[in-house]
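Letter by letter, the chains look like this.
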Amino acid sequence: MDQNKPKIILGNGKSQAIKKFLHFKNEGEEVGLLMDLDQPETNRTKDLQTQKLEKYKDQIFYMIQAVEAWFISQPDILDDYFNADISKKLPKRRPAEIPEPKDILKKATKGTKKGEYHEIKHAVELLKQLDATKLENEFPDFKNLIAFLKK
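Residues numbered from 1 in each chain as written. Predicted model: local features only at pLDDT ≥ 70, side-chain atom pairs only at ≥ 80, totals over all residues. Heavy atoms only, no water.

**Points about the confidence of the model for the protein**
- In this model, the protein carries an average pLDDT of 91, and 97% of its residues clear a pLDDT of 70 or more.
- Confidence scores differ between elements of the protein, with strand β1 (residues 7–9) showing the lowest mean pLDDT of 83 and helix α4 (residues 75–82) the highest of 98. (pLDDT = per-residue confidence, 0-100. Helix = DSSP H or I, 4+ residues; strand = E, 2+ residues; numbered from the N terminus.)

Right under this line is the structure:
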């Protein structure tokens, strides 16, 4: 990655990601933090306060509720990837409003040839297939993340 470009911090869990982000901030690097909110999008400000990240709010990007909500927002990709009618098994509401998208996705994919959804086994391939424009329209934090990366 170009040293002048902003970096995105990910971690194995929220607390680890925050620690890594704060370390890079102390080093003076331009970094953003991408993490699951794991709660309704209306709690974004509260989570920033709880995690003591308010001053970095323009560098924090949430997957609302989790990355699985991104997958659920594009059910045609799920149908194609799992070669099954996954879309018919998904809730008929905004993906950001689904409390446990990972559980929903696991239940919807149970019994498919690729097996029940597993974040390590399936997420990378599903991420490659997502339509970024659709994500920008559905998830405001994704749109802000793209703008941050274009700096």
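**Here we look at the layout of surface pockets**
- Taken as a whole, the largest pocket spans an internal volume of roughly 750 Å³.
- As for the largest pocket, its lining consists of 27 residues, of which Gly-11, Asp-36, Met-63, Val-67 and Glu-119 are closest to the centre.
- Of all the elements in the fold, those that place two or more residues in the lining of the largest pocket are α1 (14–26), β2 (31–36), α3 (67–72), α5 (101–109) and α6 (119–129).
- The biggest single contributor to the lining of the largest pocket is α6, with five residues.
- Looking at side-chain class alone, the lining of the largest pocket contains 15 nonpolar, four polar and eight charged residues. (1 Å grid on protein atoms, 1.4 Å probe; cavity = no way out; pocket = protein on both sides within 12 Å on 5 of 7 lines; lining within 4 Å. Points joined across faces, edges and corners; volume = space filled by probe spheres on them. Nonpolar A, V, L, I, M, F, W, Y, C, P; charged D, E, K, R; others polar.)

**Concerning the nonpolar core**
- Membership of the largest hydrophobic core comes to 42 residues, with the highest contact counts inside it found for Leu-33, Leu-53, Ile-60, Trp-70 and Phe-71.
- Considering every element that reaches this core, the biggest residue donor is α3, with five residues.
- When residues no more than four places from it in sequence are discounted, the contact partners of Leu-33 are Ile-9, Ala-17, Ile-18, Phe-21, Leu-53, Gln-59, Ile-60 and Phe-61. (Core = buried A, V, L, I, M, F, W, Y, C linked by side-chain atoms within 4.5 Å. Buried < 20%, exposed > 50% of the residue type's maximum accessible area, 1.4 Å probe, protein only. Contact = heavy atoms within 4.5 Å.)

**What about the packing of α4 against α6?**
- Remark: α4 packs on α6, axes separated minimally by 11 Å, with the N-to-C direction vectors making an angle of 125°. On the basis of their axis angle, the class for α4 and α6 is oblique. Handedness of the crossing formed by α4 with α6: right-handed. Between α4, through Ile-77, Leu-78, Asp-80, Tyr-81 and Phe-82, and α6, the contact on the second element is made entirely by Lys-121, His-122, Glu-125, Leu-126 and Gln-129.
- The residue inventory of the contact of α4 with α6, partitioned by class, reads five nonpolar, two polar and three charged. (Axes fitted to C-alpha atoms, helices over the stretch in contact; angles between N-to-C directions. Parallel < 35°, antiparallel > 145°, perpendicular 65-115°, else oblique. Left-handed = near helix turned anticlockwise from the far one by under 90°.)

**Observations concerning the pairing of β2**
- The buried fraction of β2 amounts to five of the six residues, a majority that puts the element mostly inside the structure.
- Of the pairings in the sheet, the one linking β1 to β2 comprises three bridges and is parallel in character. Residue pairing across strands places Lys-7 opposite Val-31, the latter belonging to β2.
- Where the polypeptide runs from β1 across α1 and back to β2, its parallel neighbour, the crossover connection is right-handed.
- Bridge count for β2 against strand β3 (residues 60–63) is four bridges, and the pairing is parallel. Bridge pairing in β3 links Leu-33 to Ile-60.
- Since β2 and β3 lie parallel, the crossover through helix α2 (residues 44–50) that links them has a hand, and here it is right-handed. (Pairing = 2+ DSSP bridges. Right-handed = clockwise from strand over helix to strand, strands pointing away.)

**Comments concerning unusual backbone geometry**
- That bond from Ile-64 to Gln-65 is cis: its omega, -20°, falls within 30 degrees of zero.
- Within the secondary structure, Gln-65 sits in the loop between β3 and α3.
- In the Ramachandran plot, Asp-38 falls in the positive-phi region, its phi being about 60° despite a non-glycine side chain.
- On the secondary structure map, Asp-38 appears in the loop between β2 and α2.
- Not every positive phi belongs to a glycine, and Asn-83 is a case in point at roughly 50°.
- Classification of Asn-83 by relative accessible area gives exposed; the value is 65%.

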